[in-house]
Amino acid sequence: MPYSNSNLMIHKSIIIPFWLLLITALMSCGGNAKQTYQQGDELYIVTTTGMIADALNNIAGDKAKVEAMMGTGVDPHVYKATQGDLKMLSKADIIFYNGLHLEGKMADVLEKMSRQKTTVPVAEGLPQDSLLAPKEYEGAHDPHIWFDLELWAQAVDHAADHLAQFDSTNKSYYRQNTDQYITELQELDKWVTDKIAGIPQQQRVMITAHDAFGYFGKAYNIEVKGLQGISTVSEFGLKDVTNMVDLIVTRNIRGVFVESSVSERSLNAVVEGCNKRGHNLKIGGTLYSDAMGPKDTPTGKFLGMVRHNVNTIVSALKGESDDQAS
Ligand SMILES: [Zn+2]
């Protein structure tokens with residue numbers, strides 16, 4: 001008996017919206033189909049990282065409330081969803097995340113959500129041959145796609161297409177906003193290229209706590225080495241520290257950077273090791289790699305975060321030449 005009851009209810013709930021849809025379609029003539037979400041007029045978008053939230057904020061403008069689960073200083077590789085996050089996810093109309101295993105500890109939660117609502121891994125639309133596949137990460141791709149601005153623009157475009165599909169009423173509004181944001185990304189891309197090109201080729205080497213800058217290095221022609229691997233989950237060992245110290249001393253590298261979302265512990269061991277061998281090494285500054293800066297500061301926005309990183313890198317790597325000259 002309960003079975004047939006629930007069956008009846010399902011039928012009812014299907015028939016009524018279908019009639020509404022039909023009437024709307026007949027009356028509007030504009031193909032103005034009502035969306036399946038029922039949260040009222042304003043969309044609620046939830047993202048994993050701040051970088052994705054920044055993109056969605058720009059795309060959606062005043063048509064949505066956008067919230068990121070991961071705030072400043074949060075490491076996405078090891079982040080686990082909190083009770084609060086689960087609430088946000090269950091309330092969300094649509095969810096955007098990076099994919100390529102960036103959110104390694106959230107795979108189950110995201111998988112579960114994908115069965116209930118629209119979830120979009122923004123990296124999924126990128127051509128396979130544009131993704132980096134480091135040797136040590138057999139079978140997996142480097143997830144840090146946001147530091148190649150041209151590639152990130154493609155991911156943003158892909159996210160925008162999904163949002164427009166989901167909420168087709170505002171399709172042209174989203175398109176206009178997206179084109180504007182992509183233009184800003186392209187301008188920033190040119191600026192970064194010029195700034196990095198101003199560093200003499202032999203000094204274009206930087207060391208970071210983990211391998212977050214692979215795409216950055218490839219796009220802007222700068223050699224990048226991370227002490228830890230692609231994910232901060234992998235532990236660094238004494239051998240990694242020794243190898244890194246050897247490399248820094250041999251090549252006289254001055255550009256060593258900490259990251260806001262990764263513990264300094266590993267790089268401090270390298271600095272100590274270098275100083276013991278008479279190579280005076282200073283930390284060149286803090287980079288925002290996998291998380292943006294505090295809200296209401298320039299680095300709390302994606303474009304500001306990239307500008308900060310590039311200015312920090314350029315002044316540290318160029319400063320090296322001044323030191324040597326004096
Ligand atoms: Zn990372």
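The rules behind each value
Residues numbered from 1 in each chain as written. Predicted model: local features only at pLDDT ≥ 70, side-chain atom pairs only at ≥ 80, totals over all residues. Heavy atoms only, no water. Helix = DSSP H or I, 4+ residues; strand = E, 2+ residues; numbered from the N terminus. Buried < 20%, exposed > 50% of the residue type's maximum accessible area, 1.4 Å probe, protein only. Contact = heavy atoms within 4.5 Å. Areas by Shrake-Rupley, 256 points an atom, 1.4 Å probe, with all protein chains shown as cover. Salt bridge = Lys/Arg side-chain N within 4 Å of Asp/Glu carboxyl O. Axes fitted to C-alpha atoms, helices over the stretch in contact; angles between N-to-C directions. Parallel < 35°, antiparallel > 145°, perpendicular 65-115°, else oblique. Nonpolar A, V, L, I, M, F, W, Y, C, P; charged D, E, K, R; others polar. Donors = N, O, S within 2.8 Å, 3.2 Å for Na, K, Ca; no water. Tetrahedral: all angles 85-135°; square planar, octahedral: opposite > 155°, others 65-115°. Pairing = 2+ DSSP bridges. Arc of directions from axis to C-beta. Phe/Tyr/Trp six-rings, centres within 6.5 Å; stacked < 30°, edge-to-face > 60°. Expected span 1.5 Å × (residues − 1).

**With respect to the overall build of the protein**
Then comes step 1: The number of helices and strands found in the protein is 10 helices and 8 strands.
Then comes step 2: Counting over 326 residues, the protein shows a buried share of 48%.
Then comes step 3: Across the protein, every contact between residues at least 6 apart in sequence was considered, and the portion connecting residues at least 24 apart equals 69%.
Then comes step 4: When the accessible area of the protein is evaluated, it comes to approximately 16,800 Å², of which 53% is carbon and sulfur surface.

**Comments concerning the pattern of salt bridges**
Pairs may arise between side chains of opposite charge once their charged atoms sit close together.
Then comes step 1: Evaluation of the coordinates by the stated rule reveals 8 salt bridges.
Then comes step 2: Each of Asp157, Asp161, Arg175 and Asp179 takes part in one network of salt bridges that share partners.

**What to know about the packing of helix 2 (residues 50-60) against helix 6 (residues 171-197)**
Then comes step 1: Two elements in contact, helix 2 and helix 6, have axes whose closest approach is 7 Å; the angle formed by their N-to-C orientations is 130°. Accordingly, the angle class assigned to the pair helix 2 and helix 6 is oblique. Touching Asp54, Ala55, Asn58, Ile59 and Ala60 of helix 2 are Tyr173, Tyr174, Asn177, Thr178 and Tyr181, all from helix 6.
Then comes step 2: When its residues are assigned to classes, the contact of helix 2 with helix 6 shows 6 nonpolar, 3 polar and 1 charged.

**Topic: the coordination of the zinc ion**
Then comes step 1: The protein atoms that coordinate the zinc ion are His77 (NE2), His144 (NE2), His210 (NE2) and Asp290 (OD), at distances of 1.9 to 2.0 Å.
Then comes step 2: In this structure, the zinc ion is coordinated by 4 donor atoms arranged in tetrahedral fashion, with angles at the metal of 95 to 124°.
Then comes step 3: Counting along the primary sequence, the residues that act as donors to the zinc ion give the motif H-x66-H-x65-H-x79-D. Within this pair, whereas His77 is found in the loop between strand 2 (64-68) and helix 3 (83-91), its partner His210 is found in strand 5 (residues 205-210), the two being separated by 133 residues in sequence. Each member of the pair, His77 as well as His210, is classed as buried.

**Points about the sheet that holds strand 7 (residues 256-259)**
Then comes step 1: The parallel open sheet is built from 4 strands, whose spatial order is 6-5-7-8. The sheet is open, and its two borders are formed by strand 6 (223-228) and strand 8 (283-287), each paired with just one other strand. Ignoring strand direction, the axes of neighbouring strands in this sheet form an average angle of 30°.
Then comes step 2: Sheet topology note: the strand 7/strand 8 ladder contains 3 bridges and is parallel. Bridge pairing in strand 8 places Val258 opposite Thr286.
Then comes step 3: Packing of helix 8 (residues 238-251) onto the sheet brings it into contact with strand 5, strand 6 and strand 7, and relative to strand 6 it is tilted by some 150°.

**What to know about the side chain of Asn309**
Then comes step 1: Within the secondary structure, Asn309 sits in helix 10 (residues 302-325).
Then comes step 2: Setting aside residues no more than four positions away along its own chain, Asn309 makes contact with Phe147, Phe213, Leu287 and Tyr288.

**Side note on helix 3**
Then comes step 1: Listing the buried residues of helix 3 in full gives Asp85, Met88 and Leu89. Looking straight down helix 3, one finds that the buried residues subtend no more than 100° of arc, so they occupy a single side. Turned more than 90 degrees away from the buried face of helix 3, the exposed residues are Gln83, Lys87 and Lys91.
Then comes step 2: For helix 3, the elements touching its buried residues are strand 1 (43-47), strand 2, strand 3 (94-97) and helix 4 (107-116).

**Describing the environment of Lys225**
Then comes step 1: As for its position among the elements, Lys225 is in strand 6.
Then comes step 2: Looking at Lys225, the relative accessible area reads 27%, which means it is partly exposed.
Then comes step 3: When the C-alpha positions of Lys225 and Asp211 are compared, they lie 6.5 Å apart, and in sequence the two are 14 residues distant.
Then comes step 4: If near-sequence neighbours (up to four positions away) are discounted, Lys225 is found in contact with Met206, Ile207, Thr208, Asp211, Met244 and Leu247.

**Structural notes on the packing of aromatic side chains**
Then comes step 1: Inspection of every chain in the model, using the stated rule, returns 8 aromatic pairs.
Then comes step 2: Pairing Phe213 with Phe216 gives two aromatic rings, centres 5.9 Å apart and planes at 85°, and the pair type is edge-to-face. Each member of the pair Phe213 and Phe216 is classed as buried.
Then comes step 3: Ring plane angle 55° and centroid distance 5.3 Å describe the contact between Phe216 and Tyr220, whose orientation is recorded as tilted. With Phe216 and Tyr220 both in helix 7 (residues 214-220) and 4 residues apart, the pair spans about one turn of that helix.

**Here we look at unusual backbone geometry**
Backbone phi values are negative for most residues with the exception of glycine, while trans is the configuration of most peptide bonds.
Then comes step 1: Phi angles above zero are rare outside glycine, and Asn221 is one such case at about 60°.
Then comes step 2: Counting through the fold element by element, Asn221 comes out in the loop between helix 7 and strand 6.
Then comes step 3: You will see that Asp296, though not glycine, has its phi angle at about 65°, which is positive.
Then comes step 4: Tracing the backbone through its elements, the reader meets Asp296 in the loop between strand 8 and helix 10.
Then comes step 5: The exposure class assigned to Asp296 is exposed, which follows from its relative accessible area of 82%.

**Concerning helix 8**
Helical geometry note: an α-helix holds 3.6 residues per turn, so side chains three or four residues apart project in the same direction.
Then comes step 1: If you check helix 8, its first and last C-alpha atoms are 20 Å apart, about what 14 residues at 1.5 Å a residue would give, namely 20 Å.
Then comes step 2: Every buried residue of helix 8 is listed here: Val241, Met244, Val245 and Ile248. Taken around the axis of helix 8, the buried residues stretch over an arc of 105°, which confines them to a single face. In this structure, helix 8 carries Lys239 and Thr250 as exposed residues pointing more than 90 degrees from its buried face.
Then comes step 3: Phi turns positive one or two residues past the end of helix 8, at Asn252, with a value near 55°.

Honestly, that's just the spatial picture; any functional story needs more than this.
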